[in-house]
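Each chain, written out:
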Amino acid sequence: DALTGISNRRFFERRLSEEVERWARQSGPLVCMLVDVDFFKQVNDQYGHQVGDRVLRQIASLLGQDLRGSDVLARYGGEEFVLLLPDTTPAQGAAIAERLRGRVEHSAFVIPEGVDLDVTVSIGLACLQPGADSYGPDPGAWLFKQVDTALYEAKETGRNRVVQAQMSGSSSTIIEQD
């Protein structure tokens, strides 16, 4: 991605296919997270697109800290970022997502006028579990649909939170904040 310096959506989609194939062969869990910057349009509208660009670059940097070599971070589009974490359990994924959410919430986003912006993110999380066969013919599509639905719920239930899709996809869990 030219703006943030991280991978782009096309790279993510290719890696998702590769990781789903690896998951099917090796049966380790695969966590996916979709991260959306809360009220980002207001940042652009109030402070301009240059400030918005700075916020996106800083968030990409914050999300990229502590990633393993096998992990994927990409800008999915606009103010959305996506992460793939192979060999990560749902519990580990939830802890990582909450740590990332808190990292963004507690970071200083200072714009040229010296104003400190309060920036938060909402995160949807889902996982492909080893040995499960309820994902249909395209586990990658199933995973992304679940993570997208969980993100939507995070936004609808107040933002600045992590929502984890349950394996059945029929319900979700809001991860409690500190």
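Everything that follows concerns the structure shown earlier in this document.
Residues numbered from 1 in each chain as written. Predicted model: local features only at pLDDT ≥ 70, side-chain atom pairs only at ≥ 80, totals over all residues. Heavy atoms only, no water.

**Quick look at helix α2 (residues 40–47)**
Quick note on the threshold: Buried means the residue's accessible area, taken with a 1.4 Å probe over protein chains only, is under 20% of the maximum for its type, while exposed means over 50%, and partly exposed covers the values in between. The helix and strand labels rest on DSSP assignments: H or I over at least four residues marks a helix, E over at least two residues marks a strand, and numbering proceeds from the N terminus. Working definition: the arc comes from the directions between the helix axis and the C-beta atoms, pointing outward to the latter. Two residues qualify as a contact provided that any one of their heavy atoms is within 4.5 Å of a heavy atom in the partner residue.
Three or more residues of α2 are buried, namely Phe40, Val43 and Asn44. Down the axis, α2 shows its buried residues gathered within 95 degrees of arc, on one side only. Along α2, the residues that are exposed and aim more than 90 degrees away from the buried face are Lys41, Gln42, Asp45 and Gln46. Those residues of α2 that are buried lie in contact with β1 (30–37), α3 (49–64) and β5 (116–117).

**Remarks on the packing of aromatic side chains**
For any pair of aromatic rings, the description consists of the separation of the ring centres together with the inter-plane angle of the planes. For clarity, the cut-off: Each pair of aromatic rings taken from Phe, Tyr and Trp, with Trp reduced to its six-membered ring, is defined by centres within 6.5 Å and is described as stacked if the planes are under 30 degrees apart, edge-to-face if over 60, and tilted in the remaining cases.
Within the structure shown, the criterion is met by five aromatic pairs. Ring centres of Trp23 and Tyr135 lie 5.6 Å apart, and the angle between their planes is 70 degrees; this geometry places the pair in the edge-to-face category. Pair noted here: Trp23 is in helix α1 (residues 9–26) and Tyr135 is in the loop between β6 (121–128) and α5 (139–156), with a separation of 112 residues, a long-range link. By relative accessible area, which is 4% here, Tyr135 ends up buried. By way of ring pairs, the aromatic residues Phe12, Tyr76 and Phe144 are connected into one cluster.

**A few points about the packing of α3 against helix α4 (residues 90–105)**
Under the convention used in this document: To obtain each axis, a line is fitted to C-alpha atoms, and for helices this fit is confined to the stretch in contact; angles are then taken between N-to-C directions over 0 to 180 degrees. Note on convention: the crossing is left-handed when the near helix lies turned anticlockwise from the far helix by less than a right angle, right-handed when the turn is clockwise. Residues are grouped as follows: Ala, Val, Leu, Ile, Met, Phe, Trp, Tyr, Cys and Pro are nonpolar; Asp, Glu, Lys and Arg are charged; all remaining types, including Gly, are polar.
Put simply, α3 and α4 touch, their axes get as near as 10 Å, and they point 140 degrees apart. Along this stretch, α3 crosses α4, giving a crossing that reads as right-handed. Facing α3, whose interface residues are Ile59, Leu62 and Leu63, α4 presents Leu100, Arg103 and Val104. Its residues assigned to classes, the contact of α3 with α4 comprises five nonpolar, no polar and one charged.

**Comments concerning empty space enclosed by the protein**
Basically, it comes down to this: Of the two site types, the cavity is a set of points on a 1 Å grid over the protein atoms alone where a 1.4 Å probe fits but cannot get out, and the pocket is an open set with protein on both sides within 12 Å along at least five of seven lines, each lined by residues with an atom within 4 Å of a point. Grid points are joined across faces, edges and corners, and a volume is the space filled by probe spheres set on the points.
All told, the structure shown has one cavity of 30 Å³ or more when counted by the stated rule. If you add up the space inside the largest cavity, you get close to 40 Å³. Lining the largest cavity are Glu19, Arg22, Trp23, Gly28, Pro29, Leu30, Pro86 and Asp87. Per-element accounting of the lining of the largest cavity gives the leading share, three residues, to α1. Its residues assigned to classes, the lining of the largest cavity shows four nonpolar, one polar and three charged.

**Observations regarding α3**
Condition: By this rule, a helix spans an expected 1.5 Å times one less than how many residues it contains.
The end-to-end C-alpha distance of α3 is 22 Å, a good match for the 22 Å that 16 residues give at a rise of 1.5 Å each. Regarding α3, the residues found buried are Val51, Gly52, Val55, Leu56, Ile59, Ala60, Leu62 and Leu63.

**So, the pairing of β6**
Condition: The pairing criterion for strands is at least two bridges between them, as found by DSSP. If you view a crossover with the strands going away from you and the path from the first strand over the helix to the second runs clockwise, you call it right-handed.
In terms of residue burial, β6 counts as a mostly covered element, since eight of its eight residues are buried. The alternating pattern of β6 places Val121, Ile123, Leu125 and Cys127 and Ser122, Gly124, Ala126 and Leu128 on opposite faces, both of which are buried. Summarising the sheet, β1 and β6 pair through eight bridges and their orientation is antiparallel. When the bridges of β6 are listed, Val37 appears paired with Val121. In this sheet, strand β7 (residues 162–165) lies alongside β6 in parallel orientation, the contact comprising three bridges. Note on β7: the bridge partner recorded for Gly124 is Val163. Each parallel crossover has a hand, and the one from β6 via α5 to β7 is left-handed.

Everything listed is a geometric property; what it means functionally is a separate question.
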